[in-house]
Amino acid sequence: METPPQVTFRNMDHSDAVEARIRDEAAKLERFFDRIIGYRVTVEAPHKQHNKGNLYHVQVIIEVPGKDIVVKKAPGGNHAHEDVYVAVRDAFKAAQRLLQDHARRGQGKVKTHEAPPHGRIVRLFSNEGYGFIESSEGLEVYFHQNAVANNAFDTLTEGTEVRFHERRGDKGPQASSVEIIGKHHIVE
C-alpha cells in the first residue's frame, strides 16, 4: 500500500483502538490484491446523543489503479452493528469480496457458464414420432418424441428453438431431454 488508511470518525469521538483495527483489516486486504494505492474509511454513529443502541455505519473506499472500490456497510437493523468492531469487520469482509472480484477480472479469471446445447428443429416427422435438430454448431442431431419434455412433441414445428442434452446413439448423435426454449433465448 502506498499510503496508510485515512480514517474519519463522524458523530463520535476518535478511537485509537478502532483505528488500529481498521489498519489491521486494511493490511489483510493486501494478500488479495497487491496494487492498492490507498484507503479512505469513515466510521459513523448516526445518533451522537445515544450511549447505547447506536448502529454504526462504515464506509470503505479502496483506491486501486483506474478505479475506486466502494463499500457502504449500513447496519440495516443488524443489531450486531451496535459493536463498532463488528461493523468494521463486516465492511472489510465485503471489501475483500469486491477486491477479489476486481483482481479476478484483471487476471481474466472471470467465471463463465457454458450455454447448454441448443438449436432449431429442422426436420420433423410427426407421424413417425421423431425429428432432427440443427445444433448451434451446424450438426444434425436426432431426437425421439419421448425425449421431448412436458409431452410437448405435438407442439413442435420446424424452426422451433430448443435446448437439449446430447448423447451418442447407435447411428450418431442423439438428443435427450429436449426442451422448448420459449421467450428466454440463450445468448452465446
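Residues numbered from 1 in each chain as written. Predicted model: local features only at pLDDT ≥ 70, side-chain atom pairs only at ≥ 80, totals over all residues. Heavy atoms only, no water.

Trainee: Summarise the overall build of the protein; cite the residues concerned and give the values.
Mentor: In terms of helices and strands, the protein carries two helices and nine strands. When the helices and strands of the protein are listed from N to C terminus, the series reads β-α-β-β-β-α-β-β-β-β-β. A total of 188 residues make up the protein; the buried ones form 37% of that total. Considering only intrachain contacts with a sequence separation of at least 6, the fraction spanning at least 24 residues in the protein is 52%. Here the protein displays about 11900 Å² of accessible surface, and carbon together with sulfur accounts for 45% of that area. (Helix = DSSP H or I, 4+ residues; strand = E, 2+ residues; numbered from the N terminus. Buried < 20%, exposed > 50% of the residue type's maximum accessible area, 1.4 Å probe, protein only. Contact = heavy atoms within 4.5 Å. Areas by Shrake-Rupley, 256 points an atom, 1.4 Å probe, with all protein chains shown as cover.)

Trainee: Residues and numbers for the nonpolar core, please.
Mentor: Counting 29 residues, the largest nonpolar core has V43, V60 and I62 as the members making the most contacts within it. Tallying contributions element by element places helix α2 (residues 84–106) first for this core, with nine residues. Discounting chain neighbours no more than four positions away, the residues touching V43 are T8, F9, R10, M12, I22, Y56, H57, V58, V84 and V88. With 14 residues, the next largest nonpolar core counts I121, L124, I133 and V148 among its residues. (Core = buried A, V, L, I, M, F, W, Y, C linked by side-chain atoms within 4.5 Å.)

Trainee: Let's hear about the packing of helix α1 (residues 16–29) against α2: which residues, and what values?
Mentor: Where α1 contacts α2, the two axes come as close as 10 Å, and the packing angle between them is 20 degrees. In terms of axis orientation, α1 runs roughly parallel to α2. For the pair α1 and α2, the crossing hand works out as right-handed. For the pair α1 and α2, the contacting residues are A17, V18, R21, I22, E25, A26 and L29 in the first and V84, Y85, V88, F92, A95, Q96 and L99 in the second. (Axes fitted to C-alpha atoms, helices over the stretch in contact; angles between N-to-C directions. Parallel < 35°, antiparallel > 145°, perpendicular 65-115°, else oblique. Left-handed = near helix turned anticlockwise from the far one by under 90°.)

Trainee: With reference to specific residues and values, describe the environment of H81.
Mentor: Structurally, the position occupied by H81 is in the loop between β4 (67–73) and α2. The sequence separation of H81 and V58 amounts to 23 residues, and the corresponding C-alpha distance is 9.7 Å.

Trainee: Quick rundown of the packing of aromatic side chains? Include the residues and the values.
Mentor: Across all of its chains, the model carries five aromatic pairs by this definition. Every member of this aromatic cluster is reached through a ring pair, and the members are F125, Y130, F132 and Y142. Positioned above the aromatic ring of F132, the side-chain terminus of R123 is 4.4 Å from the ring centre. (Phe/Tyr/Trp six-rings, centres within 6.5 Å; stacked < 30°, edge-to-face > 60°. Lys NZ or Arg CZ within 6 Å of the ring centre and 35° of its normal.)

Trainee: Help me get a handle on unusual backbone geometry, residues and values and all.
Mentor: If you check the backbone angles, N11 has positive phi at about 60 degrees while not being a glycine. Tracing the chain through its elements places N11 in the loop between β1 (6–10) and α1. One non-glycine residue, S177, adopts positive backbone phi at about 50 degrees. Looking at the secondary structure, you find S177 in strand β9 (residues 172–180). Of the residues examined, S177 reaches a relative accessible area of 37% and is grouped as partly exposed.

Trainee: Pulling in residues and values, what's your account of the pattern of salt bridges?
Mentor: Counting across every chain of the model gives seven salt bridges. The shortest N-O distance in the salt bridge between R123 and E140 comes to 2.4 Å. Pair noted here: R123 is in strand β5 (residues 118–125) and E140 is in strand β7 (residues 140–144), with a separation of 17 residues, a long-range link. Judged by relative accessible area, which is 39%, E140 ranks as partly exposed. Several salt bridges converge on common partners, so that one network encompasses R40, E63 and D68. (Salt bridge = Lys/Arg side-chain N within 4 Å of Asp/Glu carboxyl O.)

Trainee: So what's going on with the side chain of T160? Residues and values would help.
Mentor: Position of T160 relative to the elements: it lies in the loop between β7 and β8 (161–169). A polar side-chain atom of T160 sits 2.8 Å from the main-chain carbonyl oxygen of T157. Apart from residues no more than four positions distant in its own chain, T160 is found in contact with G119, R120, I121 and I180. (Polar contact = N/O pair within 3.5 Å; in protein donor to acceptor, adjacent residues only side chain to side chain.)

Trainee: Tell me about α1, and please be specific about residues and values.
Mentor: The α-helix winds at 3.6 residues per turn, so residues separated by three or four positions along the chain end up facing the same way. An ideal rise of 1.5 Å per residue puts 20 Å on 14 residues; α1 measures up with 20 Å between its terminal C-alpha atoms. Here α1 has its buried residues at V18, E19, I22, E25, A26 and L29. One side of α1 holds all its buried residues, which, seen down the axis, span an arc of 120 degrees. (Expected span 1.5 Å × (residues − 1). Arc of directions from axis to C-beta.)

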